[in-house]
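Geometric and topological summary
One-letter residues, chain by chain:
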Amino acid sequence: MCISLVVMVTAFFSVARAQYDTVLNTLDTRYPQEKLYLHFDRSFYNPGETIWFKVYIFAANMPSLISKTVYADLIDDKGKIIDRKIAPVEVSSAAASFDLPANLTSSHVYIKAYTDWMLNFDSSFLYVKAIPVIQEKPATVKKSAPKNFLQFFPEGGDMVQGVESRVAFKATDIRGLPYKVSGDILDSKGTSVVKFSTMHNGMGFFTLKPASNEQYKASWKDASGKAQVTPLPDARKNGFALTVTQDASGVRFMISRPEGESPYPTVTIVGQIQQQMVYMANANVSKGPTVGGVIPIENLPAGILQLTIFSPDKKPLAERIVFVNKQDYYFITDLNGPLKSFEKRKKNVIQVDVPDTIRTNLSISVTDATLNPHVEGEDDIYSNVLLTSDIKGYVHNPAYYFSSEADSVRNHLDLVMMTNGWRRFKWEEVLAGKFPATPHQPADYMVVNGKINGLNKTELINKELTAILEVNKRQEFLQVPVSNDGTFSISGLLFFDTAKLYYQFNNDKDKILTSRANFDIRNNLLKGPFSLKYDTNLVYRSIMPPKEILAGNIALSEKNMAVLDARRKVQTLESVTVTARQKSKTQILDEQYATGLFAGGDAYSFDVSDDISAQGAMSVLNYLQGRVAGLQITGMGTQAQMSWRGSVPQLYLNEMQSDVSFIQNLNMADVAYIKVFRPPFFGSSGGGAGGAIAVYTKKGTNVYNPDVKGLDFASIPGYNSYKEFYSPDYSKYDERHTEGDYRATLYWNPFVLTDKTTRRQLFTFYNNDVTKRFRIVIEGCDEQGRLTRIEKIFE
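Scoring rules and cut-offs
- Residues numbered from 1 in each chain as written.
- Predicted model: local features only at pLDDT ≥ 70, side-chain atom pairs only at ≥ 80, totals over all residues.
- Heavy atoms only, no water.
- 1 Å grid on protein atoms, 1.4 Å probe; cavity = no way out; pocket = protein on both sides within 12 Å on 5 of 7 lines; lining within 4 Å.
- Points joined across faces, edges and corners; volume = space filled by probe spheres on them.
- Helix = DSSP H or I, 4+ residues; strand = E, 2+ residues; numbered from the N terminus.
- Nonpolar A, V, L, I, M, F, W, Y, C, P; charged D, E, K, R; others polar.
- Contact = heavy atoms within 4.5 Å.
- Salt bridge = Lys/Arg side-chain N within 4 Å of Asp/Glu carboxyl O.
- Buried < 20%, exposed > 50% of the residue type's maximum accessible area, 1.4 Å probe, protein only.
- Pairing = 2+ DSSP bridges.
- Axes fitted to C-alpha atoms, helices over the stretch in contact; angles between N-to-C directions.
- Phe/Tyr/Trp six-rings, centres within 6.5 Å; stacked < 30°, edge-to-face > 60°.
- Lys NZ or Arg CZ within 6 Å of the ring centre and 35° of its normal.
- Polar contact = N/O pair within 3.5 Å; in protein donor to acceptor, adjacent residues only side chain to side chain.
- Lys, Arg positive; Asp, Glu negative; His and termini not counted.
- pLDDT = per-residue confidence, 0-100.

**Brief notes about empty space enclosed by the protein**
- Overall, the coordinates contain five cavities of 30 Å³ or more when judged by the stated rule.
- Volume-wise, the largest cavity comes out at about 80 Å³.
- What lines the largest cavity is a set of 13 residues, and nearest its centre among them are Ala-95, Ala-96, Asn-720, Ser-721 and Tyr-722.
- Among the elements of the structure, β6 (81-88) and β7 (93-99) are those that each provide at least two residues to the lining of the largest cavity.
- By residue number, the principal contributor to the lining of the largest cavity is β6, which donates four residues.
- Within the lining of the largest cavity, the residues separate by chemical class into eight nonpolar, three polar and two charged.

**Brief notes about the environment of Phe-763**
- Among the structural elements, Phe-763 can be located in strand β42 (residues 760-766).
- For Phe-763 and Val-752, which are 11 residues apart along the polypeptide, the C-alpha to C-alpha distance reads 10.0 Å.
- When residues no more than four places from it in sequence are discounted, the contact partners of Phe-763 are Asn-348, Val-349, Ile-350, Val-352, Ile-364, Tyr-747, Asn-749 and Val-752.

**Observations regarding the pattern of salt bridges**
- Evaluated as defined, the whole model comprises 31 salt bridges.
- For Arg-320, the salt bridge identified is with Glu-155, shortest N-O distance 2.9 Å. Of this pair, Arg-320 sits in strand β23 (residues 316-324) while Glu-155 sits in the loop between β10 (148-154) and β11 (165-173), and the two are 165 residues apart along the sequence. The exposure classification of Arg-320 matches that of Glu-155, with both residues buried.
- Taking the shortest distance from any N to any O, the salt bridge between Arg-522 and Asp-520 comes out at 3.2 Å.
- Here the residues in one salt-bridge network are Glu-378, Arg-775, Glu-779, Arg-789 and Glu-791, joined through shared partners.

**Observations regarding the sheet that holds β6**
- Taken in spatial order, the four strands of this open sheet run β6-β5-β8-β9, and their pairing is antiparallel. Looking at the sheet topology across the chains shown, the edges are occupied by β6 and β9 (127-132). Pairwise comparison of adjacent strand axes, ignoring direction, gives a mean angle of 20 degrees for this sheet.
- Note that strand β8 (residues 108-115) and β9 share six bridges and pair antiparallel. Note that in β9 the partner of Ala-113 across the bridge is Tyr-127.

**Examining the sheet that holds strand β24 (residues 334-339)**
- Strand order in the open sheet made by the three strands is β24-β25-β42, with antiparallel pairing throughout. Of all strands in the sheet, those bounded by a partner on one side alone are β24 and β42. Shown here is a sheet whose adjacent strand axes are inclined to one another by a mean of 25 degrees, direction ignored.
- Alignment of strand β25 (residues 347-353) against β42, held across seven bridges, turns out to be antiparallel. By the bridge assignment for β42, Val-352 is matched with Gln-761.

**Considering the packing of aromatic side chains**
- If you walk through the whole model with that rule in mind, you get 39 aromatic pairs.
- Between Phe-240 and Tyr-264, the aromatic rings sit 6.4 Å apart at their centres with planes inclined by 20 degrees, giving stacked as the arrangement. Note that Phe-240 is positioned in the loop between β16 (227-231) and β17 (241-247) and Tyr-264 in the loop between β18 (250-256) and β19 (266-273), a separation of 24 residues in sequence.
- Residue class for Tyr-264 comes out partly exposed when judged on its relative accessible area of 24%.
- An angle of 55 degrees between the planes, with centres 6.3 Å apart, marks the rings of Phe-496 and Tyr-719 as tilted. Of the two residues, Phe-496 sits in the loop between β30 (487-493) and β31 (498-505) while Tyr-719 sits in the loop between β40 (712-717) and β41 (745-754), which places them 223 residues apart along the sequence.
- When its relative accessible area of 13% is taken as the criterion, Phe-496 is described as buried.
- In this structure Tyr-719 comes out as buried when scored by relative accessible area, which is 0%.
- Taken together, the ring pairs in this structure connect Phe-323, Tyr-329, Tyr-330, Tyr-382 and Phe-402 into an aromatic cluster.
- Positioned above the aromatic ring of Phe-125, the side-chain terminus of Arg-424 is 4.1 Å from the ring centre.
- Above the plane of the ring of Phe-713 lies Lys-500, whose end atom (NZ or CZ) is 4.7 Å from the centre.

**With respect to the environment of Lys-112**
- Within the secondary structure layout, Lys-112 lies in strand β8.
- Distance in space between the C-alpha atoms of Lys-112 and Val-128 is 4.4 Å, their sequence separation being 16 residues.

**Here we look at helix α2 (residues 381-388)**
- For α2, the tally of buried residues reaches seven of eight residues, placing the bulk of the element in the interior.
- All buried positions along α2 are accounted for by Ile-381, Tyr-382, Ser-383, Asn-384, Val-385, Leu-386 and Leu-387.
- Taking the backbone nitrogen of Tyr-382 as reference, a side-chain oxygen 3.0 Å away marks Asp-380 as the first, capping residue of α2.

**Observations regarding the side chain of Thr-198**
- Summarising the element assignment, Thr-198 is placed in the loop between β13 (192-197) and β14 (203-208).
- Apart from the residues within four sequence positions on either side, Thr-198 is in contact with Phe-169, Tyr-179, Lys-180, Val-181 and Met-203.

**Notes on the side chain of Glu-34**
- Checked against the element boundaries, Glu-34 lands in strand β2 (residues 34-40).
- Despite its burial, Glu-34 pairs with no opposite charge, the nearest such side chain being Lys-68 at 9.2 Å.
- A polar contact of 2.5 Å, which involves the side chain of Glu-34, links it to the side chain of Ser-64.
- Reaching out from Glu-34, the side chain makes a polar contact with the side chain of Ser-67 at a distance of 2.6 Å.

**Thoughts on the pairing of strand β5 (residues 69-75)**
- Summarising burial for β5: seven of the seven residues are buried, a large majority.
- Side chains Thr-69, Tyr-71, Asp-73 and Ile-75 project from β5 onto one buried face, and the interleaved Val-70, Ala-72 and Leu-74 project onto a second face that is buried too.
- One ladder, built from seven bridges, connects β5 with β6; its direction is antiparallel. By the bridge assignment, Leu-74 is partnered in β6 with Asp-83.

**A closer look at the confidence of the model for the chain**
- When pLDDT is averaged along the chain, the result is 87, and 91% of the positions lie at 70 or above.
- Ignoring residues within four places in sequence, the model shows residues 572-580, a span with pLDDT below 50, making four contacts including any to other chains.
- Per-residue pLDDT stays below 50 along residues 701-706; that stretch engages in 17 contacts with residues further than four places along the chain or on separate chains.

**Quick look at unusual backbone geometry**
- A positive phi is found at Lys-314, a non-glycine position, where the angle reads about 65 degrees.
- Relative to the elements of secondary structure, Lys-314 occurs in the loop between β22 (303-310) and β23.
- Its identity is not glycine, yet Lys-511 carries a phi of approximately 55 degrees, on the positive side.
- For Lys-511, the position within the fold is in the loop between β31 and α6 (512-516).

Shown next, in the form of structure tokens:
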């Protein structure tokens, strides 16, 4: 008989709730856990090609605001680090790329991605992916003797004598891949008490009521037909079984115990999602062997719900995870092609529409659909963020569980829940006050930390450093306070490659005090890749394309390599007949002034030194008024205000972040070049939703041009430079257009930011010489954590 659950709100219950609430609140506020998802432009690559990827960072299934730096390591099949990228986080995301060596012989590479904050927690939750590398002569895979495993997972954690409950199972081979199995559950006398067989991807369940003092075993055959016997877990004499189901009204749970006197008068049921309490109740288990309840789901977010039954002294008695399968975790992105052409080097336009005014952050890849077809079994943003990033163990074909709302798919997803664990924290530890150590603290982008030795505390009282940060010959003044213990810090730095930090004590005539001191200056970035034992079976779980697809990729790669070889040969000739058109003045200025993310790009360029009207302009913003479509500039002088697509453009002076006051006080006679970047501009902190305005002063009249000769300096490594994706514009002349075009990735845009004014966006790309079918994939999220994914084939 099932007794309906009655929530007893008593003084005891209020105290108990406060304790569980406090623990979860501590985990949520002081120990929030991040997870990453990477969108790649393609599923597999050839040696010598570039892997383009976008990193999305989440915490509690929302865009994370914790970390400002992300790391990615490229690792070969022997565990050797090939390359490493460090990128700044913009709008809870980052973008980078890896160039695969042309002489790479590995059939797979691994990409490991993480933030510094993630290193405080279980390393099994770091992002690791095996990516196939197409080899003309692939290495021979060492075959191991076939071996199969059968694991049993009693629902709730334990079988209990005299209590009927479900027992889930999972059948895998030595590499963790599923296989079909069937057999019998036998008692100690060898009598079959129940039969079992897989329902989906090696998983299934059966119902069993263990008898007292009875032991059970499974009789089954492995993939080779050999008979196997696997013992089931022992059933507990006393305990609680937890059964969980789900329907449209909510998550239904039933707590069962053996007949007779209960070991506890009451138990506590706690439900949490992403370290946030969503349900708690007391259950009176003394009045009968079974008690049940329903958790309404209308106010629950989609994701993994962890249900735990606690004794009065807060010991976990049973536990189950269940996926709250609400269809509110996504938004629909519309994708169309108003201009499509599959002819050689013809123009194409794709149109992207989002349905809401909420800000979104998307990434787009356009590839040759014949060379980069959809591969069944791939993880996508839905399955990764909501499922695989939150549970331990391998999930086969995870995207399947989000492919349909059919009851069969929901039931199969529940099998995943019954056969996997959620262990981002252990209740026993956190209830005892044992929380993770956090030596890795998040920082505001890059931080330069210094320690001054050789001076006593008296000499360091009220001291301050004058510092000059020089990046690509752009300089920025800094006033840096020094603590009495000789330490100092500069936070919020964002620069690429290597900077020089010149320094000297204020008012230190002839550098007497500075020369006596010993300065130890370093940045806060992780100094090198850390060792991580990843699952080498990831190689066997990645899916290679059919042989004809492999052959096509190899042929394309050979053509690309021939183009690169020809280009290198031309570059080494002592004399070359120049047929290219003369570069424009703005092109020359861009090469002379712009570096890193400021070089090239989608921008308006103004040669101010050669523009007579500039000399009559009162300021930079006054000069730009009416010259850039969509850029609104109002007001005068330092009171001027800017707006572009509903956001404020970021200002830069010589590629250093600046403000309206400084820019407006510049003498126009000192300005050489202005670039206005269309939104979004990746180099801006906060995502660059309003674009950016970069002002460059004339060489020799740089307002940041102090005499640094003789000053001591430290070299500070910065973020890795962002490689710009080459997307040719065949409507314009470029000497590279005389070469063959065999790009497998035709377009890659890692930062597509939309808001209420930019819900529809158009993107242009040109076909290569051979592609006849386009595969377009868009993934991303909005600021409320809802996800999106759309994939289309244009042909």
